[in-house]
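Examination of the molecular architecture
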Amino acid sequence: MLLSTTQLFRGIQEDDIALLLRCLNTKQRQYKKGEIIFTEGTVTEYIGLVLSGRVLLSYNDIWGNTSILGNVSPGAVFGEVYACIPGQPLLITVSAAEDTSVLFINASRIAATCPKACSFHAKLTANLITVCAHKTIQLSQRIIHTSSKSIRGRLLSYFSECAKQMGSSSFLIPYNRQQLADYLSVDRSALCNELSKMQKEGILSYEKNHISLKL
């Protein structure tokens, strides 16, 4: 993956990125599907940039219930809010949804003023602010999707957002059934039953994680 195509390094040339990586104290790690990257309660000073694979963000309560807060695809980052607050324990668990490669970047090195006052370092800082703003929007979207009291309402809200983002009524979602249920905070069996009803009523059709809305 060309780092210049990611939101964090957008607007920075590859040659300049190579210089940046030398002073950002970066390290690359590989994770197997299901492997934990960050556990709830830990403290990190590193931002994770997904190079390949996919990452899940989840919250587990004391009764063992899991809520999926979102997923991180290649080119996107995770842990940036916690890494920017020294000593702040994570409220979430971060795990690999599939075999995943992650580039870790020391957040304090981004925030620190570059001794050379290079313009591309300033651009990186501005990009990080934009990334944080986008994450706030994503959390707001989940609140919107889970505001409906009915499972159907939550599904339609989420699928509507997916269709808008893809510009098509046919799209792939990044979650399996259990993960989708956790993301929408509903029971998996009830969600599957509702999907079946919606398909019989001609509202949509689905095959695994491929959804087609009937507009």
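Structure shown above.
The following paragraphs examine the structure supplied in this document. The model shown is predicted, which means the values in this text are computed figures rather than measured ones.

**Observations regarding the packing of aromatic side chains**
Here the structure, examined in full by the defined rule, presents 9 aromatic pairs. For the ring pair tyrosine 158 and tyrosine 175, a centre distance of 6.2 Å and an interplane angle of 40° mean the geometry is tilted. On the criterion of sequence distance, the pair formed by tyrosine 158 in helix 5 (residues 151-166) and tyrosine 175 in the loop between strand 9 (170-172) and helix 6 (177-184) is long-range, its members being 17 residues apart. Like tyrosine 175, tyrosine 158 is buried.

**Section: helix 4 (residues 119-145)**
Given a rise of 1.5 Å per residue, 27 residues ought to cover 39 Å, and the 40 Å separating the end C-alpha atoms of helix 4 matches this to within 8%. Buried within helix 4 are the following residues: Phe120, His121, Leu124, Asn127, Leu128, Val131, Lys135, Gln141, Arg142 and His145.

**Remarks on the packing of helix 4 against helix 5**
Two numbers describe how helix 4 lies on helix 5: the axes approach to 8 Å, and their chain directions differ by 140°. Considering their axes alone, helix 4 and helix 5 lie oblique with respect to each other. Across the interface between the two elements, Gln141, Ile144 and His145 from helix 4 touch Arg154, Ser157, Tyr158, Glu161 and Gln165 from helix 5. The residue makeup of the contact of helix 4 with helix 5, split by class, is 2 nonpolar, 4 polar and 2 charged.

**With respect to the sheet that holds strand 3 (residues 46-52)**
With respect to topology, 4 strands assemble into an open sheet ordered 1-8-3-6, the strand pairing being antiparallel. Each of the sheet's edge strands pairs with one partner strand only, and the pair in question is strand 1 (27-31) and strand 6 (77-78). The sheet contact formed by strand 3 and strand 6 spans 2 bridges and is antiparallel. Residue glycine 48 lies in a different strand from strand 6, and its bridge partner there is phenylalanine 78.

**Looking at the environment of arginine 177**
Mapping arginine 177 onto the fold places it in helix 6. Residue arginine 177 is classed as buried on the basis of its relative accessible area of 15%. Note: C-alpha distance between arginine 177 and serine 212 (35 residues apart in sequence) is 16 Å. Here arginine 177 is in contact with Arg188, Leu191, Cys192, Leu195, Tyr206 and Lys208, once residues within four sequence places are set aside.

Reading the values: the criteria
- Residues numbered from 1 in each chain as written.
- Predicted model: local features only at pLDDT ≥ 70, side-chain atom pairs only at ≥ 80, totals over all residues.
- Heavy atoms only, no water.
- Phe/Tyr/Trp six-rings, centres within 6.5 Å; stacked < 30°, edge-to-face > 60°.
- Helix = DSSP H or I, 4+ residues; strand = E, 2+ residues; numbered from the N terminus.
- Buried < 20%, exposed > 50% of the residue type's maximum accessible area, 1.4 Å probe, protein only.
- Expected span 1.5 Å × (residues − 1).
- Axes fitted to C-alpha atoms, helices over the stretch in contact; angles between N-to-C directions.
- Parallel < 35°, antiparallel > 145°, perpendicular 65-115°, else oblique.
- Contact = heavy atoms within 4.5 Å.
- Nonpolar A, V, L, I, M, F, W, Y, C, P; charged D, E, K, R; others polar.
- Pairing = 2+ DSSP bridges.

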